Amino acid sequence: MALTIEEVEHVARLARLSLTAQEKEMYAEQLSSILHLFEMLDLLPTDGVEPLAHVLPLFNVIRADEAGPSLPRDEAMANAALTEDGQFKVPKII
Amino acid sequence: MELYQHTVQEIGEMLARREVTAREVLASSAERIGRVENKIQAFITLTLEEAEKTARDLEARDEIGGLAGIPCGIKDNLCTRGVRTTCASEMLENFVPPYDATAVKRLKSAGAVVVGKLNMDEFAMGSSTENSGFFPTHNPWDLTRVPGGSSGGAAAAVAAGEVYYALASDTGGSIRQPASFCGVVGMKPTYGLVSRFGLVAFASSLDQVGPITRTVTDCALVMNAICGHDSMDSTSLKVPVPDYTKDIQEGIKGLRIGFPREYFQKGVDRGVKDTIMEALFKFEELGAVVEETSLPHSEYALPTYYIIAPSEASSNLARFDGVRYGYRDRYAQDTAEMFSSTRARGFGPEVIRRVMLGTYALSSGYYEAYYLKALKVRRLIKEDFDRAFEQYDILISPTTTSTAFRIGEKAEDLLTMYMLDMLTIPVSLAGIPSISIPGGFLNNLPVGLQLMGPPLSERTLLKAAYAFEQATGYHLRTPVLEVYGT
Amino acid sequence: MTTAEYEAVIGLEVHVELKTRSKAFCHCATSFGVEPNTHVCPICLGMPGVLPVLNREMVEYALMTALALNCRIAGYCKFDRKNYFYPDLPKNYQISQYDLPIATGGSLVIETENGPRTIGINRVHMEEDTGKLVHKGSIMTTPYSLVDLNRAGTPLLEIVSEPDLRSPGEARMYVEKLRLILLYLGVSDGKMEEGSLRCDANISVRPPGQQKLGTRTEIKNLNSFRALERALDYEIRRQIKTLAKGERIIQETRTWDEHEQVTMSMRSKEEAHDYRYFPDPDLPPLRIDPAWVERVCRSLPELPDQARRRLSEEYNLRRYDALLLTASRDILDFFDDCVAQYPKPKVLAKWITGDLARLLNRNKLEIKESKITPASLVGLLRLLEEGTISGTIAKAVLAEMFTTGESPDKIVRERGLTQISDEQEVRALVGDVIAENSRAVAEFQKGKDRALRFLMGQAMKASGGKANPELVYRLLREELSGR
């Protein structure tokens, strides 16, 4: 199946990626060719097959409710581009 | 013979016998890096000063044994406290983690001397290290060729003698494929055997940390240091960790080896096939029972992987938004724009492609056709292996469909590039262990031999790999990087 | 709100912050009101390479809550990622539960004017909380916002009701009852104003008798009981008005504007959410075996409905008193503590729901914060029962105990408040009153009972309230009839 430019725009919006018109065309074409590769899966019947989300037979991995030390604030924020008053700064939201 | 040419095992013994000091060993590696790094370009960040300090501290404490005092490199998607960890992405060009990955922490506590962070395909997405956001790495066997990927820097640095071993990660073949291209040993352990904590996630259900070394014994030595349960990783296995070097020389008499016919079919170079077939005769000579077998769902592994891995990646990479760390477009007028332009500029094209692909596969209306379907096929692929391991102790195949290709040769052809991983991907989907070792040479380029085993069969794999290595001596061949007088 | 033409159909989604020591998936301490970004670590900051590890207590609290709400516990459940971008969500996905929540199909009973009503619970699931955004001024006009991630990763339960509620009043009762159950369980603070209990409402209207649901809207930002009731009230009127005009209801998310007291559409250019849920590969699933459920079941404390039934049945208390005494676990504990020392539940109920409750209300205190303890209240009631003090004095002593925290014995002793039961002393007092109130005496003799009450009051007053009232009464009669 081929992806339309509108579909590429929709996906880019969901993934928060701003693309140029040229990039949209490129990704439409490339993603379509990859989706084409996926079509062979349609030929494989999987009725009654349980999806495998975890390869390990692990269950109930839980820890005790114990509070430990947090990061010093300087370290927690050291990598941030913009901060103010010990908080991360972001441009207006709406 | 110079110090850097020794193996981990040898240099460890020399250090233990006090024939050399940690600083002398480091100096040899540093000198080697100084001589060849401009050709190889394996490192994103060198930490020779910190390494010098570590070596001095080890000497002061008189710490010897294990990996103590032996220089190594770390793939740049494993977090290193206080040392920038970039994932070869402009997005994380200046990111300095305040924590060590568990596997890194374990190496450090074993006395490892970390000399730098190694190049890779951006966020481990790629098979040639051409997708590095910074620069490509060159294959020590032929500098015009790629070292493979995504752990291309790690494999090249080990092959070129810049480090004794490297810590890397494998999602769909990212350790084994570059090990194969560079003629070194690369192991992807059983999913859950090495902690993923601090490994920047690409596809969480597939990612595993493992070693790249020059010999099988060295691989076992590094495995001894990094394996074992970690309470910081909920998918970490609570199993006793054996000494992987113990009985490694035991031999493989009576070992039942299967070779899956699907791994020798179309898409695999004739020369590669022939080389591995030859290798199988060697295994027979060594006393193993070798038979053809089948993993019938193998051909579905590639599409399955390219649905699951990008889907998980689309979610794992959502956190790179410019708020708490990483690149940020400071000129954006509002948060939505800031997110979108930060991500579009911070990520390279392959990352954007896979994030888009994964977002699409998970999106409303497509989830069942793609993601859920892929999880079902994943079970079928795993069951193929389960059945095969009822009959065989291990399976053997080529690691890659070809030897190393030229830089730029396949960059334009996306699908061909993706197909390169078709022999390593099924193992990743099944979560089982696998090791790639030099299996022969074609036109002076290494050919990788892949050994696959059931969950937690690392000892068996290492034993078989060791027997083959010792019988062939392929590990003794090294690339010639310095022609006298140049 | 139901008019002749329309009835309201309301379902509530309540988010509850759990009172665990540490966050849901990391060791950071849960907190409220501390310095920004001081309770954060690489994990709750969503730094690259970090992994979540599930807090056992979160699961235990979820099980307790689900069992208290009569839910079916899932034998197998898992965590999923809910993917959306927002600056208060560090990973830009929230760890939540999607198609296999920990519990489904429960119920909760509310006490309406028309008797009890059972409200269905659709599901209970676990998830992690987001951080907080601080806007300079309003979110609409602020030039920038600041992100504090202390709250990010705090364990949350989402409790989703069936659309069984029919009025804003019922919605309020539902949330109040739910909150009471959570407080009894001790799993949450349930403080709406601090955001540890948050509420979204789904609401539609339809002609009574119609089975099919009308088009619904979702209202967010309901941060108090008042806001909940008013927003629903407003929204029902708005929907009815819209339909009456022949227009259609648009399915959308609306927000309650506390200042304007209206609901407002939150529609933006952004398309509808597509959360792209998928199982979180970092978290193995949970298997909850019957033994685990059984153990949690046995550990459940008495719940409000059970307590009320016990108070009604064992102590024969009036329904209303039983409701008041179970209005919080602290009140109930106080009452039970008192009964253990002084087995006269009716007397205790009268004092606790009467004078003590008045004192608490007037001073805006919770029973736990008051200086009166079960022991001191019982001490006071013993003094009253023994006749050491009169009822009037007892009320005054209680007020003093409330203020000073002194023991009733000490107050009575030091202030000389002991009841006068000495017959000679009281007879003298009564004699004086009779002598000084000849007019009232005359009226009494004309047969006016009111005059006797007046004389009685005078005598009590003269004794400073300390005279034994029964004795005063008897002696007054004796003295008056003796004339």
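Here, every reference points to the structure presented above.
Residues numbered from 1 in each chain as written. Chains lettered and ligands numbered in written order. Predicted model: local features only at pLDDT ≥ 70, side-chain atom pairs only at ≥ 80, totals over all residues. Heavy atoms only, no water.

Chemist: Just to check I follow, could you spell out the overall build of chain A for this structure?
Modeler: For chain A, the helix and strand inventory stands at three helices and three strands. Written out in order from the N terminus, the α and β elements of chain A read α-α-β-α-β-β. Computed over the C-alpha atoms, the radius of gyration of chain A is 23 Å, more than 25% above the 12 Å expected from 2.2 N^0.38 for a compact globule of 94 residues. Relative to its full complement of 94 residues, chain A shows a buried share of 44%. For chain A, the exposed area adds up to about 4800 Å²; of that, 53% sits on carbon and sulfur atoms. Taken as two groups, the 7 positive and 16 negative side-chain charges of chain A have centres that lie 13 Å from each other. (Helix = DSSP H or I, 4+ residues; strand = E, 2+ residues; numbered from the N terminus. Rg over C-alpha atoms; globule rule 2.2 N^0.38 Å. Buried < 20%, exposed > 50% of the residue type's maximum accessible area, 1.4 Å probe, protein only. Areas by Shrake-Rupley, 256 points an atom, 1.4 Å probe, with all protein chains shown as cover. Lys, Arg positive; Asp, Glu negative; His and termini not counted. Charge placed at Lys NZ, Arg CZ, Asp CG, Glu CD.)

Chemist: Whenever I open this one, the packing of helix α8 (residues 345–363) of chain C against helix α9 (residues 374–386) of chain C confuses me. Can you help?
Modeler: Each pair of packed helices can be described by the angle between their axes along with the distance between the axes. All names here are of chain C. The interhelical angle for the contact between α8 and α9, taken along N-to-C directions, is 115 degrees, at an axis separation of 11 Å. Two packed elements cross with a definite hand, and for α8 against α9 that hand is right-handed. Counted together, V347, L348, W351 and I352 of α8 and L377, L380, L381 and L384 of α9 form the full contact between these two elements. Residue composition of the contact of α8 with α9, grouped by class: eight nonpolar, no polar and no charged. (Axes fitted to C-alpha atoms, helices over the stretch in contact; angles between N-to-C directions. Left-handed = near helix turned anticlockwise from the far one by under 90°. Contact = heavy atoms within 4.5 Å. Nonpolar A, V, L, I, M, F, W, Y, C, P; charged D, E, K, R; others polar.)

Chemist: When you look at helix α11 (residues 349–362) of chain B in this model, what are you seeing that I'm missing?
Modeler: Structural remark: α-helix, 3.6 residues per turn; residues separated by three or four positions point the same way. With 14 residues, α11 of chain B ought to run about 20 Å at 1.5 Å a step, and its terminal C-alpha atoms sit 20 Å apart, in line with that. In terms of burial, α11 of chain B is a largely internal element, 13 of the 14 residues being buried. (Expected span 1.5 Å × (residues − 1).)

Chemist: Help me out: how do you make sense of the sheet that holds strand β5 (residues 185–188) of chain B in this one?
Modeler: Backbone hydrogen bonds hold the strands of a sheet together, and the pairing may be parallel or antiparallel. All names here are of chain B. The eleven strands lie next to each other as β1-β3-β2-β4-β6-β5-β10-β11-β9-β7-β8, forming an open sheet whose pairing is mixed. Sheet topology places β1 (43–46) and β8 (289–293) at the edges, where each strand pairs with a single neighbour. Averaged over all pairs of adjacent strands, the angle between their axes in this sheet comes to 30 degrees, without regard to strand direction. Of the strands in this sheet, β5, β9 (394–398), β10 (434–442) and β11 (445–452) touch helix α15 (residues 458–472), which is tilted by about 15 degrees from β10. (Pairing = 2+ DSSP bridges.)

Chemist: I would appreciate a short explanation of the pattern of salt bridges in the present structure.
Modeler: Note on pairing: side chains with opposite charge can pair once their charged atoms come close. Under the counting rule described, the total for this entry stands at 70 salt bridges over all chains. Residue E19 of chain B is joined to R17 of chain B by a salt bridge in which the shortest nitrogen-to-oxygen separation is 2.5 Å. Residue classification places E19 of chain B among the partly exposed residues on the basis of a relative accessible area of 45%. Note that R474 of chain C and E478 of chain C form a salt bridge whose closest N and O atoms lie 3.1 Å from each other. Of this pair, R474 of chain C and E478 of chain C are both found in helix α15 (residues 469–481), four residues apart, which corresponds to roughly one turn of the helix. The exposure class of E478 of chain C is partly exposed, given its relative accessible area of 33%. Among the charged side chains, a network of salt bridges with common partners joins R196 and D233 of chain B together with R81, D280 and D282 of chain C. (Salt bridge = Lys/Arg side-chain N within 4 Å of Asp/Glu carboxyl O.)

Chemist: Just checking my understanding: could you explain the packing of aromatic side chains for this structure?
Modeler: For any two aromatic rings, the description comes down to two numbers: the centre-to-centre distance and the angle of the planes. All chains considered together, the criterion is met by 29 aromatic pairs over all chains. Judged by centre distance (5.4 Å) and plane angle (55 degrees), the rings of F95 of chain B and Y325 of chain B are tilted. Remark: Y325 of chain B occurs in the loop between α9 (301–316) and α10 (335–346) and F95 of chain B occurs in the loop between β2 (71–75) and α4 (102–109); sequence separation between them is 230 residues. Each member of the pair, F95 of chain B as well as Y325 of chain B, carries the same accessibility label: buried. Here F123 of chain B and F347 of chain B contribute two aromatic rings whose centre-to-centre distance is 5.8 Å and whose plane-to-plane angle is 80 degrees, an arrangement assigned as edge-to-face. Taken as a pair, F123 of chain B in the loop between β3 (113–118) and α5 (152–159) and F347 of chain B in the loop between α10 and α11 lie far apart in primary sequence, 224 residues in all. Look at F347 of chain B and you get buried, because its relative accessible area is 4%. Each member of the aromatic cluster is reached from another via a ring pair, and the members are F95, F123, F320, Y325 and F347 of chain B. Lying over the aromatic face of Y144 of chain C, K89 of chain A brings its terminal NZ or CZ to 4.2 Å of the ring centre. (Phe/Tyr/Trp six-rings, centres within 6.5 Å; stacked < 30°, edge-to-face > 60°. Lys NZ or Arg CZ within 6 Å of the ring centre and 35° of its normal.)

Chemist: For this particular structure, what's the right way to read the interface of chain C and chain A?
Modeler: Many authors give the size of an interface as the accessible area that is lost as the parts come together. Each side of the interface is counted separately: chain C has 56 residues, and chain A has 34 residues. Both sides together, the interface formed by chain C and chain A hides about 4000 Å², and carbon and sulfur atoms give 58% of it. Linking chain C with chain A are one salt bridge. The residue E35 of chain C makes a salt bridge to R73 of chain A at a minimum N-O spacing of 3.7 Å. Scanning the region where chain C abuts chain A turns up 23 residue pairs in polar contact (both at pLDDT 80 or more). Tallying contributions element by element places strand β10 (residues 144–148) of chain C first for the side of chain C that touches chain A, with five residues. (Buried area = accessible area lost by both parts, 1.4 Å probe. Polar contact = N/O pair within 3.5 Å; in protein donor to acceptor, adjacent residues only side chain to side chain.)

Chemist: Help me understand the layout of surface pockets in this model?
Modeler: All names here are of chain C. Estimates place the volume of the second largest pocket at around 1300 Å³. Along the wall of the second largest pocket there are 40 residues; nearest its centre are L180, A327, S328, I331 and E366. Secondary-structure elements contributing two or more residues to the lining of the second largest pocket are β7 (103–112), α2 (168–185), α5 (304–315), α6 (319–325), α7 (329–341) and α8. In terms of residue count, the dominant contributor to the lining of the second largest pocket is α2 (seven residues). Counted by class, the lining of the second largest pocket contains 20 nonpolar, six polar and 14 charged residues. Each of two domains, domain 1 (7–293) and domain 2 (302–414), supplies a minimum of three residues to the lining of the second largest pocket. (1 Å grid on protein atoms, 1.4 Å probe; cavity = no way out; pocket = protein on both sides within 12 Å on 5 of 7 lines; lining within 4 Å. Points joined across faces, edges and corners; volume = space filled by probe spheres on them. Domains from an automatic or database assignment.)

Chemist: How do you make sense of the side chain of H138 of chain B when you look at a structure like this?
Modeler: Residue and element names in this part refer to chain B. As for its position among the elements, H138 is in the loop between β3 and α5. A polar contact of 2.7 Å, which involves the side chain of H138, links it to the backbone oxygen of L143. Apart from the residues within four sequence positions on either side, H138 is in contact with K39, I40, Q41, L143, R145, P147, A156 and I407.

Chemist: What should I look at first to understand empty space enclosed by the protein in this one?
Modeler: To locate leftover empty space, one rolls a probe as large as a water molecule over the atoms. Residues and elements named next belong to chain C. Enumeration over the complete set of coordinates arrives at eight cavities of 30 Å³ or more. Quantified by volume, the largest cavity comes out at close to 180 Å³. As for the largest cavity, its lining consists of 22 residues, and the residues nearest its centre are I43, C44, K91, I95 and E128.

Chemist: Which parts of the structure should I look at to understand unusual backbone geometry?
Modeler: For residues other than glycine, phi is negative in most cases, and the peptide bonds are mostly trans. Residues and elements named next belong to chain B. Here the residue pair G149 and S150 is connected by a cis peptide bond, since its omega of 10 degrees sits within 30 degrees of zero. When you line up the elements, S150 lands in the loop between β3 and α5. Of note, the phi angle at C87 is positive, near 55 degrees, even though the residue is not glycine. At D247, a position not held by glycine, the phi torsion is positive, near 60 degrees.

Chemist: Honestly, the interface of chain B and chain A in this entry has me stumped. Any pointers?
Modeler: Residue-level contacts link 65 residues of chain B with 46 residues of chain A. Taken together, the two surfaces of chain B and chain A that pack against each other cover about 5200 Å², and 71% of this comes from carbon and sulfur. Taken as a group, M356, Y360 and R379 of chain B account for 13% of the area that chain B buries against chain A, more than any other trio of residues on that side. Run the count over chain B and chain A and you get one salt bridge. Note that R81 of chain B is salt-bridged to E75 of chain A, the shortest N-O span being 3.8 Å.

Chemist: Looking at this model, I keep getting lost on the environment of I352 of chain C. Mind explaining?
Modeler: Relative to the helices and strands, I352 of chain C is located in helix α8. Setting aside residues no more than four positions away along its own chain, I352 of chain C makes contact with L325, I331, F334, F335, C338, A357 and L377 of chain C.

Chemist: What am I meant to see in the packing of α4 of chain B against helix α7 (residues 216–226) of chain B here?
Modeler: Residue and element names in this part refer to chain B. Packing of α4 against α7 leaves a shortest axis separation of 8 Å and a crossing angle of 110 degrees. Between α4 and α7, the interaxial angle falls into the category roughly perpendicular. Counted together, A103, R106 and L107 of α4 and V222, A225 and I226 of α7 form the full contact between these two elements. (Parallel < 35°, antiparallel > 145°, perpendicular 65-115°, else oblique.)

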